[in-house]
Amino acid sequence: MASAGCKRTLTGSKLTIGNYDQITTAMTKAQVERIMGPPTRIDNKDMIIFKRTTYRYEEGAKFALFTFKNDELEGKQGNLAAQR
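Keep in mind it's a predicted model, so treat the numbers as computed, not measured.

(A) Geometry of unusual backbone geometry. If you check the backbone angles, Ala 26 has positive phi at about 85° while not being a glycine. When you line up the elements, Ala 26 lands in the loop between α1 (17-22) and α2 (29-36). A positive phi angle is found at Asn 70, which is not glycine, with a value near 60°. Relative to the elements of secondary structure, Asn 70 occurs in the loop between β3 (62-69) and β4 (72-78). Residue classification places Asn 70 among the partly exposed positions, given a relative accessible area of 40%.

Shown next as structure tokens:
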């Protein structure tokens, strides 16, 4: 289980454009982790009316960020398309 600010090295990388493209708005954290594996880093921010969590995946120059509002994916960004 990852904690805030935890760093990990990905083995057998799931940080691919194919996996990234499978991630869609409103997915849960568990659904994202099933596809992408455990994040390299997790950042949590408790807002007054909701909790914002950002999953960051990194491998060399590649990265992907997934932002959750409570447990629902709100947005994603990354540079995987440029790495094709």
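Now, onward.
(B) Fine view of the packing of aromatic side chains. Throughout the structure, instances matching the rule amount to three aromatic pairs. When the ring of Tyr 20 is compared with that of Phe 66, the centres are 5.8 Å apart and the planes differ by 45°; the resulting orientation is tilted. With a gap of 46 residues between them, Tyr 20 in helix α1 and Phe 66 in strand β3 connect regions that are remote in the sequence. Note on accessibility: Tyr 20 and Phe 66 belong to one class, buried. When the centroid spacing of 5.7 Å and the interplanar angle of 80° are considered together, the rings of Tyr 57 and Phe 66 count as edge-to-face. Look at Tyr 57 and you get buried, because its relative accessible area is 0%. We classify Phe 66 as buried; its relative accessible area is 0%.

(C) Representation of the nonpolar core in the model. Within the largest apolar cluster, 15 residues are counted, with the highest numbers of intra-cluster contacts made by Ile 23, Val 32, Met 36, Tyr 57 and Phe 66. Every element with two or more residues in this core is listed here: α2, β2 (51-59) and β3.

(D) A look at the side chain of Asn 19. Considering the arrangement of structural elements, one finds Asn 19 in helix α1. We classify Asn 19 as buried; its relative accessible area is 17%. A distance of 2.8 Å separates a polar side-chain atom of Asn 19 from the backbone oxygen of Lys 14. Dropping the residues within four chain positions of it, Asn 19 is found in contact with Lys 14, Ile 35 and Met 36.

How each quantity is defined
- Residues numbered from 1 in each chain as written.
- Predicted model: local features only at pLDDT ≥ 70, side-chain atom pairs only at ≥ 80, totals over all residues.
- Heavy atoms only, no water.
- Helix = DSSP H or I, 4+ residues; strand = E, 2+ residues; numbered from the N terminus.
- Buried < 20%, exposed > 50% of the residue type's maximum accessible area, 1.4 Å probe, protein only.
- Phe/Tyr/Trp six-rings, centres within 6.5 Å; stacked < 30°, edge-to-face > 60°.
- Core = buried A, V, L, I, M, F, W, Y, C linked by side-chain atoms within 4.5 Å.
- Polar contact = N/O pair within 3.5 Å; in protein donor to acceptor, adjacent residues only side chain to side chain.
- Contact = heavy atoms within 4.5 Å.

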